[in-house]
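Residues per chain, in single letters:
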Amino acid sequence: MRKTETAIQRCKTMSTLQKILGGKWKLEILYYIAFHDIHRFGELRRQIGEITESSLTKQLRELETDGFLIRHDFKEIPPRVEYTLSDLGTSFMDVIRYMKAWGELNLPDCRDQGQEFSEAVCTDIRSIGNS
C-alpha cells in the first residue's frame, strides 16, 4: 500500500488553527490586549518580558494578517501604533477564557492568578469533565 492510502486525514480546522495561533507568543499577546487593556507595542513587550522586538513585530503582523488584530497607526511623530481585537479576535476570547480556566484547574503553577473572570468558566469546565 502506498503511504498516501494509509495516511490518516488531518483535521483541516485544527491544522489551520495550529498554523494561525501556533506562534510562541500569540495567545499571550491576544490575552493581554483583550483582558489587560494593553494595546501598544512597548507595553506588550514590557508585559511579556522575554519576547524580542523582532519576535513581537512578527507575531503582531501575523495576527493582523490572519484577521485577529487591527493595527491603528496614528501617523504621529514619534510613531504611535495601537492594536485592538478585530471581530474575529473578539469572537476567540471565549476560547482564551476557557483555556486559561483549564490551566488554572489543571496546571499547578497556574493556580495563583486570574480568578477575577474565570470562576464561572472553571465551573463549566468541571461540569464538562464530569459528563
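First things first, this report covers the structure right here in the doc. Given the structure is predicted, the values throughout are model-derived calculations rather than measurements.

**Focus on the overall build of the protein**
Inference 1: Helix and strand counts for the protein stand at 8 helices and 2 strands.
Inference 2: Going residue by residue from the N terminus, the α and β elements of the protein occur as α-α-α-α-α-β-β-α-α-α.
Inference 3: Looking at the protein as a whole, 29% of its 131 residues qualify as buried.

**Some thoughts on the pattern of salt bridges**
Inference 1: As enumerated under the stated definition, the model contains 9 salt bridges in all.
Inference 2: A salt bridge links Arg80 to Glu82; the shortest N-O distance between them is 3.8 Å.
Inference 3: Relative accessible area serves as the criterion here: at 25%, Arg80 is assigned to the partly exposed category.
Inference 4: Glu82 gets classed as partly exposed once you look at its relative accessible area, which sits at 21%.
Inference 5: Three or more residues are tied together by salt bridges with common partners; here these are Lys26, Lys58 and Glu62.

**Observations concerning unusual backbone geometry**
Inference 1: For the peptide bond that leads from Ile77 to Pro78, omega is 0°, which places it in the cis range.
Inference 2: Within the secondary structure layout, Pro78 lies in the loop between strand S1 (69–73) and strand S2 (81–85).
Inference 3: Notably, Lys75 is not glycine yet its phi reads approximately 50°, a positive angle.
Inference 4: Looking at the element boundaries, Lys75 is found in the loop between S1 and S2.

**Comments concerning the nonpolar core**
Inference 1: In this structure, Ile29, Leu30 and Leu69 are the most contacted members of the largest nonpolar core, which totals 23 residues.
Inference 2: Counting residues per element, the ones that place at least two in this core are helix H2 (12–21), helix H3 (26–35), helix H4 (41–48), helix H5 (53–65), S2 and helix H7 (93–106).
Inference 3: Here this core takes 5 residues from H3, the largest share from any one element.
Inference 4: Discounting residues that sit within four places of it in the chain, Ile29 has contacts with Leu44, Ile48, Leu56, Gln59, Leu60, Leu63 and Leu69.

**Describing the packing of H3 against H7**
Inference 1: At a minimum axis distance of 11 Å, the contact between H3 and H7 shows a crossing angle of 105°. The angle between H3 and H7 places the two elements in the roughly perpendicular class. Along the contact surface, H3 presents Leu27, Leu30, Tyr31, Ala34 and Phe35, while H7 presents Met93, Ile96, Arg97, Met99 and Lys100.
Inference 2: Here the residues of the contact of H3 with H7 are counted per class, giving 8 nonpolar, no polar and 2 charged.

**Quick notes on the pairing of S2**
The side chains of a regular strand alternate, residue by residue, between the two faces of the sheet.
Inference 1: Here S2 shows one buried face, formed by Val81, Tyr83 and Leu85, and one open face, formed by Glu82 and Thr84.
Inference 2: With 5 bridges connecting them, S1 and S2 associate as antiparallel partners. Following the sheet pairing, Arg71 is matched in S2 by Tyr83.

Criteria and cut-off values
Residues numbered from 1 in each chain as written. Predicted model: local features only at pLDDT ≥ 70, side-chain atom pairs only at ≥ 80, totals over all residues. Heavy atoms only, no water. Helix = DSSP H or I, 4+ residues; strand = E, 2+ residues; numbered from the N terminus. Buried < 20%, exposed > 50% of the residue type's maximum accessible area, 1.4 Å probe, protein only. Salt bridge = Lys/Arg side-chain N within 4 Å of Asp/Glu carboxyl O. Core = buried A, V, L, I, M, F, W, Y, C linked by side-chain atoms within 4.5 Å. Contact = heavy atoms within 4.5 Å. Axes fitted to C-alpha atoms, helices over the stretch in contact; angles between N-to-C directions. Parallel < 35°, antiparallel > 145°, perpendicular 65-115°, else oblique. Nonpolar A, V, L, I, M, F, W, Y, C, P; charged D, E, K, R; others polar. Pairing = 2+ DSSP bridges.

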